[in-house]
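Here are the chains, one letter per residue:
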Amino acid sequence: EMIENRVERFFVQKVKEYKDRYEFLINSVEESSIKQDGYMDGSVVSPKLLDNNLDDTNTDSLRREIDSIKRDIIDLHRNSKLLSNFAVLNYTGFVKIIKKYEKKFPDRKNKLENAVKNREFTKEKNHAEALADQLEEIYAKWFCDGNVRSAHMQMLPKKGDGLQTDWSFFRLGYRLGCCSVLCFWVCWDCIWGSIAKGNSAIGSRDAFPVFRGVAGLLLFHWFWGISTYIWSRYRVNYIFLFEFDPRTVRTPTTIFNSAVDQTIVYFLSMLLYYKAEVGAIPNIMPPGGYSVLLVFYTIHQLVFPWNCRGPLWTAIKSTFQTPFVSPTFFTIYIGDVMTSMVKVFQDIAWTACFILSGDFLSDQDDAGKNWKNWQHQFWYSKVLIPLICLFPLMIRFLQCIRRYRDTKKRIP
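Residues numbered from 1 in each chain as written. Predicted model: local features only at pLDDT ≥ 70, side-chain atom pairs only at ≥ 80, totals over all residues. Heavy atoms only, no water.

A.B. asks: For this particular structure, what's the right way to read the overall build of the protein?
C.D. replies: Across its full length, the protein carries 17 helices and two strands. Counting over 412 residues, the protein shows a buried share of 37%. Here the analysis covers contacts within the protein between residues at least 6 apart in sequence; of these, 69% occur between residues at least 24 apart. Counting every atom, the protein has about 25500 Å² of accessible surface; 60% of that belongs to carbon and sulfur. (Helix = DSSP H or I, 4+ residues; strand = E, 2+ residues; numbered from the N terminus. Buried < 20%, exposed > 50% of the residue type's maximum accessible area, 1.4 Å probe, protein only. Contact = heavy atoms within 4.5 Å. Areas by Shrake-Rupley, 256 points an atom, 1.4 Å probe, with all protein chains shown as cover.)

A.B. asks: Please clarify how the packing of helix 11 (residues 252–277) against helix 12 (residues 288–303) should be interpreted in this entry.
C.D. replies: Geometrically, a packed helix pair is captured by the angle between its two axes and the distance between the axes. Packing of helix 11 against helix 12 leaves a shortest axis separation of 8 Å and a crossing angle of 165°. As the angle between them shows, helix 11 and helix 12 are arranged roughly antiparallel. Helix-helix and strand crossings are classified by hand; for helix 11 and helix 12 the assignment is left-handed. Judged by residue contacts, Ser258, Asp261, Gln262, Val265, Tyr266, Ser269, Leu272, Tyr273 and Ala276 of helix 11 engage Gly288, Tyr290, Leu294, Tyr297 and Gln301 from helix 12. Tallied by class, residues from the contact of helix 11 with helix 12 come to eight nonpolar, five polar and one charged. (Axes fitted to C-alpha atoms, helices over the stretch in contact; angles between N-to-C directions. Parallel < 35°, antiparallel > 145°, perpendicular 65-115°, else oblique. Left-handed = near helix turned anticlockwise from the far one by under 90°. Nonpolar A, V, L, I, M, F, W, Y, C, P; charged D, E, K, R; others polar.)

A.B. asks: Is there a simple way to think about the packing of aromatic side chains in this case?
C.D. replies: To describe a pair of aromatic rings, you give the distance between the ring centres and the angle between the ring planes. According to the stated counting rule, one finds 25 aromatic pairs in the structure shown. Connected via pairs of aromatic rings, a cluster forms that spans Trp224, Trp231, Tyr238, Phe242, Phe244, Phe329, Phe330 and Tyr333. Over the ring of Phe143 we find Lys70; its NZ or CZ atom is 5.3 Å from the centre of that ring. Directly above the aromatic system of Tyr234 lies the positively charged group of Arg233, at a separation of 5.5 Å from the ring centroid. (Phe/Tyr/Trp six-rings, centres within 6.5 Å; stacked < 30°, edge-to-face > 60°. Lys NZ or Arg CZ within 6 Å of the ring centre and 35° of its normal.)

A.B. asks: What is the right way to read the nonpolar core from this model?
C.D. replies: Proteins that are soluble and globular tend to have nonpolar side chains buried together. Ranked by size, the top nonpolar core spans 34 residues in total, and within it Phe211, Tyr266 and Phe354 carry the most contacts. Those elements giving two or more residues to this core turn out to be helix 8 (168–197), helix 9 (208–233), helix 11, helix 12, helix 15 (342–356) and helix 17 (378–407). With eleven residues, helix 11 is the single largest residue contributor to this core. (Core = buried A, V, L, I, M, F, W, Y, C linked by side-chain atoms within 4.5 Å.)

A.B. asks: Help me understand helix 6 (residues 127–143), please; the structure alone is not making it clear to me.
C.D. replies: Along an α-helix, residues three or four positions apart point the same way, because every turn accommodates 3.6 residues. Here helix 6 is 17 residues long and its end C-alpha atoms lie 24 Å apart, about the 24 Å a rise of 1.5 Å per residue gives. Of all the residues in helix 6, the buried ones are Ala128, Leu131, Ala132, Leu135, Glu136, Ile138, Tyr139, Ala140, Trp142 and Phe143. Backbone geometry just downstream of helix 6 places Asp145 in the positive-phi region, at approximately 55°. (Expected span 1.5 Å × (residues − 1).)

A.B. asks: What is the right way to look at unusual backbone geometry in this model?
C.D. replies: In most cases, non-glycine residues show a negative phi, while peptide bonds are predominantly trans. A cis amide bond links Phe304 with the next residue in sequence, Pro305, at an omega value of -5°. With an omega of 10°, the peptide bond running from Thr322 to Pro323 counts as cis. Even without a glycine there, the phi angle at Asp145 is positive, about 55°. Positionally, Asp145 belongs in the loop between helix 6 and helix 7 (148–154). On the accessibility criterion, Asp145 (72% relative accessible area) is exposed.

A.B. asks: Which parts of the structure should I look at to understand the layout of surface pockets?
C.D. replies: The gaps of empty space that remain are located by a probe, the size of a water molecule, rolled over the atoms. As a volume, the second largest pocket reaches approximately 270 Å³. What lines the second largest pocket is a set of 17 residues, and nearest its centre among them are Ala215, Thr263, Tyr266, Phe267 and Met270. Take the lining of the second largest pocket: its biggest share by element is seven residues, from helix 9. Residues that form the lining of the second largest pocket fall into these classes: 15 nonpolar, one polar and one charged. (1 Å grid on protein atoms, 1.4 Å probe; cavity = no way out; pocket = protein on both sides within 12 Å on 5 of 7 lines; lining within 4 Å. Points joined across faces, edges and corners; volume = space filled by probe spheres on them.)

A.B. asks: Looking at this model, I keep getting lost on the side chain of Asp347. Mind explaining?
C.D. replies: Tracing the backbone shows Asp347 in helix 15. Owing to a relative accessible area of 3%, Asp347 belongs among the buried residues under this scheme. Setting aside its immediate chain neighbours within four residues, Asp347 contacts Pro209, Arg212 and Gly213.

A.B. asks: Would you mind showing me how to read the pattern of salt bridges here?
C.D. replies: Two side chains bearing opposite charge may form a pair once their charged atoms approach each other closely. Per the stated rule, a full pass over the model turns up ten salt bridges. One salt bridge connects Asp75 with Arg21, and the closest N-O pair in it is separated by 3.1 Å. Of this pair, Asp75 sits in helix 4 (residues 57–104) while Arg21 sits in helix 1 (residues 3–30), and the two are 54 residues apart along the sequence. We note a salt bridge from Arg402 to Asp406, for which the minimum N-O separation is 3.0 Å. Of this pair, Arg402 and Asp406 both sit in helix 17, four residues apart, which is roughly one turn of that helix. For Asp406, a relative accessible area of 33% corresponds to the partly exposed category. Several salt bridges share partner residues, and in doing so they unite Arg402, Arg405 and Asp406 into one network. (Salt bridge = Lys/Arg side-chain N within 4 Å of Asp/Glu carboxyl O.)

A.B. asks: When you look at the environment of Gln262 in this model, what are you seeing that I'm missing?
C.D. replies: Along the chain, Gln262 falls in helix 11. With relative accessibility at 10%, the residue Gln262 sits in the buried group. Put simply, Gln262 and Tyr297 are 35 residues apart on the chain and 8.8 Å apart in space, counted from C-alpha to C-alpha. A polar contact is formed between the side chain of Gln262 and the side chain of Gln301, at a distance of 3.2 Å. (Polar contact = N/O pair within 3.5 Å; in protein donor to acceptor, adjacent residues only side chain to side chain.)

A.B. asks: What should I look at first to understand the packing of helix 14 (residues 329–339) against helix 17 in this one?
C.D. replies: Their axes nearest at 8 Å, the elements helix 14 and helix 17 cross at an angle of 150°. Taken together, the axes of helix 14 and helix 17 are roughly antiparallel relative to one another. Considering only the axes of helix 14 and helix 17, their crossing is left-handed. Here Thr331, Ile332, Gly335, Asp336, Met338 and Thr339 of helix 14 lie close against helix 17, whose contacting residues are Phe391, Pro392, Leu393, Arg396 and Gln399.

A.B. asks: What's the story with a nonpolar patch on the surface in this structure? I'm lost.
C.D. replies: Taken together, Leu219, Phe223, Ile226, Tyr229, Ile230, Tyr234, Val236, Phe240, Leu241 and Phe329 make up a surface patch of nonpolar side chains, about 1100 Å² in accessible area. Listed by contribution, the elements that provide at least two residues to the nonpolar patch are helix 9 and helix 10 (238–241). Position of Phe329 among the secondary structure elements: in helix 14. (Patch = residues over 30% accessible without salt bridge, like charges linked within 9 Å, V, L, I, M, F, W, Y side chains within 5 Å.)

Shown next, in the form of structure tokens:
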């Protein structure tokens, strides 16, 4: 199906819906108590109902009805304006596409233009805009003594008027509340409660480095959300500086929502692991299995959705290719972050060995018997860990060398 047909069908359906709402609103006013009780002289509401300073209990219900009518008109007016903007935006996009198409295929001139010609959304005065003007006139006639400009000012969007409520922050706050409760539960049950009962805290458990490594990645996610919020708040064009694709950049609120969801899963996994270790819940799987599930969940979050994660992994790949490729501002930023995540990388290496060796299948009590002691082997403690500590610093050093080679400047 052609895209212009889909836009046209959506636009026509919405216009019909808004016109039906307009007719229903007019009929509701005709049948309302305001009209029946004589408080509307012709098409003008009595000034007595518009005077909020009057303390008349008989007119309180009528004032509430007036407020309801106002809100309905304003809401329909704003939706009509948004639909008109939708039509203008699509028309502008089609014009640019047609120009590019005709420039590339001169022999097919006017072929694409005829496909979008005479559409409802391409008209100079579309039905949505006409409906919005009509609503302004009705509002002015009923509540502003016919002053259309005053009506237009009153119908402009106002912060906190309840007609354009953004529920994303409410959902974020609700999730943050759940996350805070789980955090307190973990602190109480896994630390203070365990010490009071004489049991070891979660920090001395086998899989604690797994949770510590995942916590490091989570903190980076939180700090990235805070950074993007501050940059957006103070109009720092980080999308341009980092050379991001604007189509795949997520808003700070979306990043916070994702970080909160991941933090909730993290705390739940930690609680289940500790409860299974101390025998507080049935052992449906080895206690270390909960840490493995958390690792798989973290890997999934690091990879998907690929349209958002793919550019990050591409940049990481370019960072590892230093000094064979010229570093960009974002790859240099990644190199700086990597130098601060050495401990996290060590925990990630420990987690990989912990899972591949099968030690997550062992309980805390028999760990000493079945422990494979790979963490004490020469290849791990004397080779792998030093390389992990050195690698980010070496990457950053090679970036500086390549930057000097490209610019011939010791200080950028």
